[in-house]
Amino acid sequence: MTTPLPALSFCVIEDTALFLDLARDRYFRLPESANAAFLASLVNDVATAPALQSAGLDQFVSLTPLRAQGGGIHPLEAADLQGCGFSPSLIARALWDQCAIERRLARRGLQMVLSELRSVLCSRHARRPFGAEHAALVKAFEDAGLVRSAIDRCLPRSIALAHLMAKSDCACQVIIGVKLRPFAAHC
């Protein structure tokens, strides 16, 4: 049985706490005075800060600020996928799994879908390093974007890819990056 993830996660960007409410599938921030009090509690109450952070998704889904090039998140480069051929069967699998995740998100919600993914990721014990098999999966998801637009589908694509990577025993993470001005999120 899948245990739901905690419903709330947060990160701090430019002295603003930004929250992701998984149960309601929305982002929000606090009014200025409440934001200042929340940030002060993180700094001043050493006992509370770890408890607040562990109540979030920091061990599974990282909610992190988006950074300019050179930041902390390093996606695969095109060179990492060299040698991966065009695979219609893997592209079809990528499209099928992405559509299945989209339906599951609509029917069950973000919190439950991420809880299910966490169960899959945690149940896989053998971890293999990223190799040619995994690069082929990533390439298939990239190629699938040529068949079905990837615009505004980064979340279901990332969840579907993480699910397939986990099934092939490759350790992976789902990272949701956010920025404030203008607000944007990417997975």
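Residues numbered from 1 in each chain as written. Predicted model: local features only at pLDDT ≥ 70, side-chain atom pairs only at ≥ 80, totals over all residues. Heavy atoms only, no water.

Enquirer: So what exactly am I meant to see when it comes to the sheet that holds strand 1 (residues 8-13) here?
Expert: As a general point, the strands of a sheet are linked pairwise by backbone hydrogen bonds and lie either parallel or antiparallel. Taken in spatial order, the 3 strands line up as 1-2-3 in an open sheet, and their pairing is antiparallel. Looking at strand neighbours, the two that pair on one side only are strand 1 and strand 3 (26-29), the edges of this open sheet. Neighbouring strand axes in the sheet, compared pairwise and without regard to direction, differ in orientation by 25° on average. As defined by bridge partners, strand 2 (residues 16-21) adjoins strand 3 across 4 bridges and the pair is classed as antiparallel. (Pairing = 2+ DSSP bridges. Helix = DSSP H or I, 4+ residues; strand = E, 2+ residues; numbered from the N terminus. Axes fitted to C-alpha atoms, helices over the stretch in contact; angles between N-to-C directions.)

Enquirer: Help me understand the packing of aromatic side chains in this model?
Expert: When we look at a pair of aromatic rings, we describe it by the centre distance and by the angle of the planes. Within the structure shown, the criterion is met by 5 aromatic pairs. Their ring planes at 10° and their centres at 5.0 Å tell us that Phe19 and Phe28 sit as a pair that is stacked. On the basis of relative accessible area, Phe19 is assigned to the buried category, the value being 6%. One Lys or Arg, Arg103, reaches over the ring of Trp96 and ends 6.0 Å from the middle of that ring. (Phe/Tyr/Trp six-rings, centres within 6.5 Å; stacked < 30°, edge-to-face > 60°. Buried < 20%, exposed > 50% of the residue type's maximum accessible area, 1.4 Å probe, protein only. Lys NZ or Arg CZ within 6 Å of the ring centre and 35° of its normal.)

Enquirer: It is not clear to me how unusual backbone geometry should be interpreted in this structure. Could you clarify?
Expert: Most of the time, phi is negative for any residue but glycine, and the peptide bond is trans. Here the residue pair Arg181 and Pro182 is connected by a cis peptide bond, since its omega of -10° sits within 30 degrees of zero. Mapped onto the secondary structure, Pro182 falls in the loop between strand 5 (174-179) and strand 6 (184-186). Non-glycine residue Asp25 carries a positive phi angle of around 55°. Within the secondary structure, Asp25 sits in the loop between strand 2 and strand 3. Even without being glycine, Asp169 reaches a positive phi, approximately 65°.

This is a description of form; function is not addressed.
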